[in-house]
Amino acid sequence: VQLVESGGGLVQPGGVLRLSCAASGFTFSRYTMSWYRQAPGKERELVASISNTGGTTYYADSMKGRCTISRDNAKSTVYLQMNSLKTEDTAVYYCKAVGVLNVDYWGQGTQVTVSS
């Protein structure tokens, strides 16, 4: 099982980034996918989730209205489009897969730094 995040980097406040998480080793279309983030000295927090079919999404208040989660089951990939980035969005962003019986998998994370 692998979840490989990409797309992070350094961006100025107000900028945009699109994160990707490529999955392999399990039946991607059966799993709810989520993006979490962890800032230095803080606990890991949920950013957004998407159901296995993509029909249902959830956004935490921290980025609601500034991000969009989507998935392509044919490519076994989940995305997080982030807009109007703020310095407080600086964190390591992780993707997580949750299946039946709450079996879950995590990626290794991708660093997002918002700074001028």
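Residues numbered from 1 in each chain as written. Predicted model: local features only at pLDDT ≥ 70, side-chain atom pairs only at ≥ 80, totals over all residues. Heavy atoms only, no water.

J.: Sorry if this is basic, but what is going on with the state of the cysteines here?
T.: Working definition: the covalent bond between the sulfur atoms of two cysteines is a disulfide. Scanning the entire structure with this criterion turns up 1 disulfide. C21 shares a disulfide with C95; S-S distance 1.9 Å. Measuring the twist about the S-S bond at about 40°, one finds the C21-C95 disulfide to be right-handed. Separated by 74 residues along the polypeptide, C21 in strand β3 (residues 17-24) and C95 in strand β9 (residues 91-98) bring together distant segments of the chain. No difference in accessibility class separates C21 from C95, as the two residues are buried. (Disulfide = S-S within 2.5 Å. Helix = DSSP H or I, 4+ residues; strand = E, 2+ residues; numbered from the N terminus. Buried < 20%, exposed > 50% of the residue type's maximum accessible area, 1.4 Å probe, protein only.)

J.: I tried to follow a nonpolar patch on the surface on my own but got confused; where do I start?
T.: A cluster of nonpolar side chains, V100, L101 and V103, forms an exposed patch at the surface whose accessible area comes to about 340 Å². Along the chain, the position of V103 falls in the loop between β9 and β10 (104-106). Given the relative accessible area of 36%, V103 is considered partly exposed. (Patch = residues over 30% accessible without salt bridge, like charges linked within 9 Å, V, L, I, M, F, W, Y side chains within 5 Å. Areas by Shrake-Rupley, 256 points an atom, 1.4 Å probe, with all protein chains shown as cover. Salt bridge = Lys/Arg side-chain N within 4 Å of Asp/Glu carboxyl O.)

J.: Is there a simple way to think about the side chain of R71 in this case?
T.: Following the sequence through the fold, R71 ends up in strand β7 (residues 67-72). Polar contacts involving the side chain of R71 include one to the main-chain carbonyl oxygen of N52, which spans 3.4 Å. With near-sequence residues (within four places) excluded, R71 lies in contact with F28, S29, Y31, T32, M33, I50, S51, N52, G54, T77, V78 and Y79. (Polar contact = N/O pair within 3.5 Å; in protein donor to acceptor, adjacent residues only side chain to side chain. Contact = heavy atoms within 4.5 Å.)

J.: Help me understand the side chain of T90 in this model?
T.: The topology assignment puts T90 in the loop between β8 (77-82) and β9. A polar atom in the side chain of T90 sits 2.9 Å from the backbone nitrogen of V114. Setting aside chain neighbours within four positions, we find T90 in contact with A39, P40, Q111, V112, T113 and V114.

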